[in-house]
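Residues per chain, in single letters:
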Amino acid sequence: ESGKKERPVVIHRAILGSLDRFIAFLLEETKGNLPLWLAPVQVKVIPVNSMFQGDYAREVTELLEKNGIRVELDDRNEKLGYRLREAQTAKIPYTVILGDNEKQEGKISYRLHGQRETTTVTNDEFIKLIKEEIISYRRVIHSNPEVGQELPKTKKYVMDKLVEFGYSPEEICESGIVATIKGNKPGKTFLLRADMDALPIAEKTSCDFKSTNGCMHACGHDMHTAMLLGAARLLKENQDEIEGTIKLVFQPDEEGFTGSKKMIKAGVLENPKVDAALAMHVHSGTPSNVVLCGLGTSIAGCNRFRIVVKGKGCHGAMPETGIDPINIAAHIYLAIQTILTREISATESAVVTIGKFVGGDVPNVIPEEVVMEGTIRSLDKEVGEFIFDRMNEIVTSTAKMLRGEAELIELSSVPPLANNDELAHELTGYMKDIVGEKAVVLFEQGGMGSEDFASYSYEVPSVYIMLGAGTKQENSLYGEAMHNEKVVFNEDILPTGAAIHAYSAIMWLKNNK
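Structure report, in brief. Numbering of residues starts from 1 in every chain and runs along the sequence as written. Whole-chain, interface and lining totals are the exception, using all residues; otherwise, since this is a predicted model, local features are given only for residues with pLDDT of at least 70 and side-chain atom pairs are given and counted only at 80 or more. Calculated side-chain values reflect all of the structure's heavy atoms, with hydrogen atoms and water omitted.

1. What to know about the packing of helix H8 (residues 325-342) against helix H9 (residues 381-401)
All axes here are fitted lines through C-alpha atoms, helices being fitted over the stretch that makes contact, and every angle between N-to-C directions spans 0 to 180 degrees. Numbered from the N terminus, helices here are DSSP runs of H or I no shorter than four residues, and strands are runs of E no shorter than two. Running from N to C, H8 and H9 point in directions that differ by 150 degrees, and their axes come no closer than 9 Å. Accordingly, the angle class assigned to the pair H8 and H9 is roughly antiparallel. Two packed elements cross with a definite hand, and for H8 against H9 that hand is right-handed. Residue-level contacts link Ile328, His331, Ile332, Ala335, Ile336, Ile339 and Leu340 of H8 to Phe386, Ile387, Arg390, Met391, Ile394, Val395, Thr398 and Ala399 of H9. Gly falls in the polar group here, along with every residue not listed as nonpolar (Ala, Val, Leu, Ile, Met, Phe, Trp, Tyr, Cys, Pro) or charged (Asp, Glu, Lys, Arg). Residues that form the contact of H8 with H9 fall into these classes: 12 nonpolar, 2 polar and 1 charged. With respect to orientation, any angle under 35 degrees is reported as roughly parallel, any angle over 145 as roughly antiparallel, any angle of 65 to 115 as roughly perpendicular, and every other angle as oblique. Here a crossing is taken to be left-handed if its near helix is turned anticlockwise relative to the far helix by less than a right angle, and right-handed if that turn runs clockwise. By definition, residues are in contact when any of their heavy atoms lie within 4.5 Å.

2. Remarks on H8
Multiply 1.5 Å by the residue count of a helix minus one, and that product is the helix's expected span. An ideal rise of 1.5 Å per residue puts 26 Å on 18 residues; H8 measures up with 26 Å between its terminal C-alpha atoms. All of the buried residues along H8 are Pro325, Ile328, Ala329, Ile332, Ile336 and Ile339. Burial along H8 is one-sided: seen end-on, the buried residues are contained in an arc of 95 degrees. Residues of H8 that are exposed and point over 90 degrees away from its buried face: Leu334 and Arg342. Next to the buried residues of H8 lie strand S13 (301-310), strand S15 (350-359), strand S16 (365-366), strand S17 (369-378), H9 and strand S18 (405-414). Whenever a nitrogen or oxygen atom comes within 3.5 Å of another N or O atom, the pair is scored as a polar contact, on the condition that within protein one atom can donate a hydrogen and the other can accept it, and that pairs from neighbouring residues in sequence are kept only if both atoms are in side chains. For H8, the N-terminal capping position is held by Asp324, with its side-chain oxygen 2.9 Å away from the main-chain nitrogen of Ile326. Each residue is placed in one exposure class: buried if its accessible area under a 1.4 Å probe, protein chains only, is under 20% of its type's maximum, exposed if it is over 50%, and partly exposed if it falls in between. The directions considered for the arc are those from the helix axis to the C-beta atoms.

3. Details of the packing of aromatic side chains
Side-chain rings of Phe, Tyr and Trp (the six-membered ring for Trp) are treated as a pair once their centres are within 6.5 Å; stacked means planes under 30 degrees apart, edge-to-face means over 60, and tilted covers the remaining angles. What the rule picks out here adds up to 5 aromatic pairs. Between Tyr137 and Phe165, the ring centres sit 6.1 Å apart and the planes meet at 55 degrees, which makes this aromatic pair tilted. Taken together, the residues Tyr137 in helix H4 (residues 123-143) and Phe165 in helix H5 (residues 152-165) connect sequence positions 28 residues apart. Accessibility expressed as a relative area gives 2% for Tyr137, which makes it buried. Taken together, the ring pairs connect Phe453, Tyr456 and Tyr464 into an aromatic cluster. Taking NZ or CZ as reference, Lys236 lies 5.1 Å from the ring centre of Tyr167, over its face. Its guanidinium or amino end placed over the ring of Tyr458, Lys381 lies 5.5 Å from that ring's centre, counting from NZ or CZ. Whether a charge sits over a ring depends on NZ of Lys or CZ of Arg being within 6 Å of the ring centre and within 35 degrees of the ring normal.

Laid out in structure tokens, this is it:
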């Protein structure tokens, strides 16, 4: 075009130097990241003067639109500065200037949420800024991990961010946050959930933002919270696209299996009543931006338990004068495993693990008490209940047989997680628009990990997905096991997760009126 005599200088210098490169830039940056119509990506085309108005300006606009880019053409005979300020006020991040504009050569003009002025940066700088906003959320949360039901720093950060975005968040139970956003059109209610709690693990990664307080986001809940905050920002920028209500839920204590139950009891599924729900979990060891979604029951239920064995302390040289709780506990430990091998069909998936076995302080003293703690996991709720009941019988009878006492205590529980198949197929269809057809994997086999989002799945149609967070083939730091003290997640997936949340919610509401 620049060779045409009537248009001696037709260079889109405010962006990258050519329209083709600009389109390629947008498509590449949003591929597997943010769908163009949903993301806060809107282009204002501004002809500098009459030389660049008319047919040419319309051709440019049409070309952008054909590539799925939202465009506003401003070919009024107003000063360039005035029209740029209007674009800024309207929060339009990209401006294509048709004409010679030496001062802006090789630059991008954009305006991020919360800023009062348009910022001009180079292309490379802008690419970094797109990711850095959500990454910054994640790193603040990662550096300040909190465990369990009370998350004072985390909840304050999340609520402050939501207020900054224009929401009115509520704390409906301790550290349980809910924020809603409604569109201009009435409709159903879709829930998006993220967990915020960390693990009592001392971090040993090499990240410069690693935790130093003895706790760690080794399960990626910092990633989940950051992605939902990113989705909250996207939804605000695209509120006109919402046909109904989207409820954003940030919950505590997923690891302890109490968070979801407390939020449900506090009314998270009411006012307005939730019609469907989605949760996402990052997964170390799966290629980045690959979506895994189970059909039916895909995640095991879990009972966390404690066994307290009481005996009678005595000198180690005279065990006959006491009652040895370690001996009793050892018999209980071995007997429990026979439930799986002799009382449950080999075709059933179940596992009992005792990961804590504590008794005694000195080598020549038989202690008064032994404490064991562990988990029961199964893909069938009735099987899990059967195991627990049989354990209770074994614990009490074995202790009695050996002259002691013992008690089985349930600490917390969560049922198996059952994805709604119809909803799973629908939502993963939307996700394919973001990550591509081949990057979405549906499976029917179940895993033995557990997730307290399961409590939602028994109340409303729900879908739980996993988002690949990197393999060792991608980066030697990635791919460690979940809950490992050295696990590192690929932060490049954060915008993808934010987009999946926002896009899935908006599209479901549009198609389920």
